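# Chain and residue survey
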Amino acid sequence: MGMELLLGISTLIIALIIFLGFRSNDKLDGKSLKLPPGNLGGWPLIGDTIPFMQPHSSASLGTFMDQHIAKYGRIFRMNLLGRPTIVSADPEFNRFILQSEGRLFENSCPTSIAEIMGRWSMLALAGDIHKEMRSIAVNFMNNVKLRTYFLPDVDAQAVKILDSWKDNTTFSAMEQGKKFAFNLMVKQLMSMDPGMPETEQLRSEYVFFMKGMASIPLNLPWTAFRRALQSRSAILKIMGQKLDERVRKLQEGVQGLEEDDLLASVAKHPHLTRDQILDLILSMLFAGHETSSAAISLAIYFLQSSPKVLQQLREEHTKIANQKKERGETGLNWDDYKQMEFTHCVINETLRLGNIVKFLHRKALKDVQFKGYDIPCGWEVVPIISAAHLDSAIYDDPQIYNPWRWETIFATMTKNSNVMSFSGGPRLCPGAELAKLEMAVFLHHLVQRFEWELAEHDYPVSFPFLGFPKQLPIKIRALK
Ligand code: HEM
């Protein structure tokens, strides 16, 4: 029996190798194409996925990319997740890919991510249904809502987190950033309050959910992937109960519900099914809290090693706070936020060098030509968006954390197409302004109340999700 099983597996592997080999050769030989250089070899099923995904400092492209760029140039082909893929570290090509969404290229989420996030997750969708969901997200975070609903809540949640920090203690800054961003999102999405049992249950399930997203996608009893699928069900159950409450209230004729939270406003959406609504909320929770908490951790990390930046930032926020005191105002308002000019330089520089999202997944909808290369229809395309941020032809001394560079950039350009932290084109992150607001408000309170240093050596790593190997442990001291 054991022998038969072994033979079966070996035959399957050989068949796969032959299949993959033929598939790539067909493409090459069938039409005399000028494909980008590279090779489509590697392991069966996964190709060169493992070396491609190797963790590395997020302020670099990693050894795999460096070696491949040195050998083949900035656009090359490889076998990623068993599929022929064009990888691009060419900022111009990457912009072209993102701008041509829906015409020449389209989002192509790996099956394993779609399985955990849900088939209706915005991150997995393309086409008309994606547009419909996206317009809900854009509307949820429009400028008016940021001023009226989000700003007071961001302010309150930041103060709440910092109130819990005790003088002369050491803890994980990353954990705290996550707590802040999670509390904010669950409140805005579903009116769930921090510290309540169901919020805590949601948070603990979410931890497993997230671990599965970054794991090898094997659905076996002991794997992180299987555990994440179970967490997905548990999370959807909690969200489903919340949705039922909204639906019940709507049936009872309760008015003005849509002002409460996103769930209430989509509960009566005429075109969306229950599954679609729940996947939408889950993808918003994921997209809206993993990233902005990483951004806050990165700011904490870069600032502790840049005393001059911290000093200027502190001066900016102390000035704003003093002016408010003189006017007898409490709570940040939009005018205060607009005064945070140096803070915006710090935010941009943090996102540039921190590279929260390293790459995106797309596929070619048609045969496309770029810089003399053929990109065959149906091939996967992976733009490495961090490449523009680390390019010395675009940013002087790209490895140096220098927020002042943005004073010149802001003064000379209305739009900087080399900022790719939030992607670009029709799928540009709808949460970009909210994320900046969260960072600015958190920093406003942080720099006035605390000093901090790293308790242990740590640094930002692309796993490829951004993380800190030691969870960014900091030692804080309260300022008098
Ligand atoms: C610094 C923080 C953030 C970064 C770096 C970031 C980055 C990104 C990136 C790179 C994408 C991929 C777009 C693509 O596929 O082309 C994206 C999509 C998205 N982000 Fe963000 N994001 C951040 C914060 C947020 C926040 C706070 C929200 C709030 C809910 C949010 C919601 C979304 C949504 C809904 C999408 C899907 C958009 C679509 O498919 O059309 N993001 N984000």
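Higher on the page you've got the structure.
As a starting point, this report considers the structure included with it.

What follows deals with the packing of helix α15 (residues 341-354) against helix α17 (residues 405-412). It is at 9 Å that the axes of α15 and α17 come closest, and there the two elements cross at 105°. When the axis of α15 is compared with that of α17, the two are roughly perpendicular. Within the contact between the two elements, α15 uses Phe342, His344, Cys345, Asn348, Glu349 and Arg352 and α17 uses Arg405, Trp406, Glu407 and Phe410. Partitioned by chemical class, the residues of the contact of α15 with α17 number 4 nonpolar, 2 polar and 4 charged.

What follows deals with the coordination of the iron atom of the ligand. There is one protein donor for the iron atom of the ligand, namely Cys429 (SG), at 2.3 Å. Inspection of the secondary structure assignment puts Cys429 in the loop between α17 and α18 (432-449).

Our next topic: the nonpolar core. One recurring pattern in soluble globular proteins is that nonpolar side chains are buried together. Within the largest apolar cluster, 119 residues are counted, with the highest numbers of intra-cluster contacts made by Phe52, Met65, Trp165 and Phe442. By residue number, the principal contributor to this core is helix α12 (residues 274-304), which donates 17 residues. Beyond its immediate chain neighbours, meaning those up to four positions away, Phe442 contacts Ala158, Ile161, Leu162, Trp165, Phe180, Ile296 and Ile300. Formed by 15 residues, the second largest nonpolar core is a distinct cluster that contains Leu40, Phe93, Phe105 and Val368.

This part covers the pattern of salt bridges. When the charged atoms of two side chains with opposite charge come close together, those side chains can pair. Under the defined criterion, the tally for this structure stands at 27 salt bridges. Close ionic contact of Asp128 with Lys131 constitutes a salt bridge, the shortest N to O distance being 3.9 Å. Of the two residues, Asp128 and Lys131 both sit in helix α6 (residues 127-140), 3 residues apart, roughly one turn of that helix. Lys131 matches Asp128 in its accessibility class, with the two residues each being exposed. For Asp336, the salt bridge goes to Lys324, with nearest N and O atoms at 2.6 Å. With Asp336 in helix α14 (residues 334-338) and Lys324 in helix α13 (residues 307-327), this pair connects stretches of sequence that are 12 residues apart.

With that settled, the discussion passes to the packing of aromatic side chains. Applying the stated rule across the entire model yields 24 aromatic pairs. Residues Phe182 and Tyr206 carry aromatic rings whose centres are separated by 6.0 Å and whose planes lie at 55° to one another, so their mutual orientation is tilted. On the criterion of sequence distance, the pair formed by Phe182 in helix α8 (residues 173-190) and Tyr206 in helix α9 (residues 197-213) is long-range, its members being 24 residues apart. In this structure an aromatic cluster arises from ring pairing among Phe52, Phe64, Tyr72, Phe76 and Phe359. We note Lys358 situated over the ring of Phe52; from NZ or CZ to the ring centre the distance is 5.5 Å.

Thresholds, definitions, all that
Residues numbered from 1 in each chain as written. Predicted model: local features only at pLDDT ≥ 70, side-chain atom pairs only at ≥ 80, totals over all residues. Heavy atoms only, no water. Axes fitted to C-alpha atoms, helices over the stretch in contact; angles between N-to-C directions. Helix = DSSP H or I, 4+ residues; strand = E, 2+ residues; numbered from the N terminus. Parallel < 35°, antiparallel > 145°, perpendicular 65-115°, else oblique. Contact = heavy atoms within 4.5 Å. Nonpolar A, V, L, I, M, F, W, Y, C, P; charged D, E, K, R; others polar. Donors = N, O, S within 2.8 Å, 3.2 Å for Na, K, Ca; no water. Core = buried A, V, L, I, M, F, W, Y, C linked by side-chain atoms within 4.5 Å. Buried < 20%, exposed > 50% of the residue type's maximum accessible area, 1.4 Å probe, protein only. Salt bridge = Lys/Arg side-chain N within 4 Å of Asp/Glu carboxyl O. Phe/Tyr/Trp six-rings, centres within 6.5 Å; stacked < 30°, edge-to-face > 60°. Lys NZ or Arg CZ within 6 Å of the ring centre and 35° of its normal.

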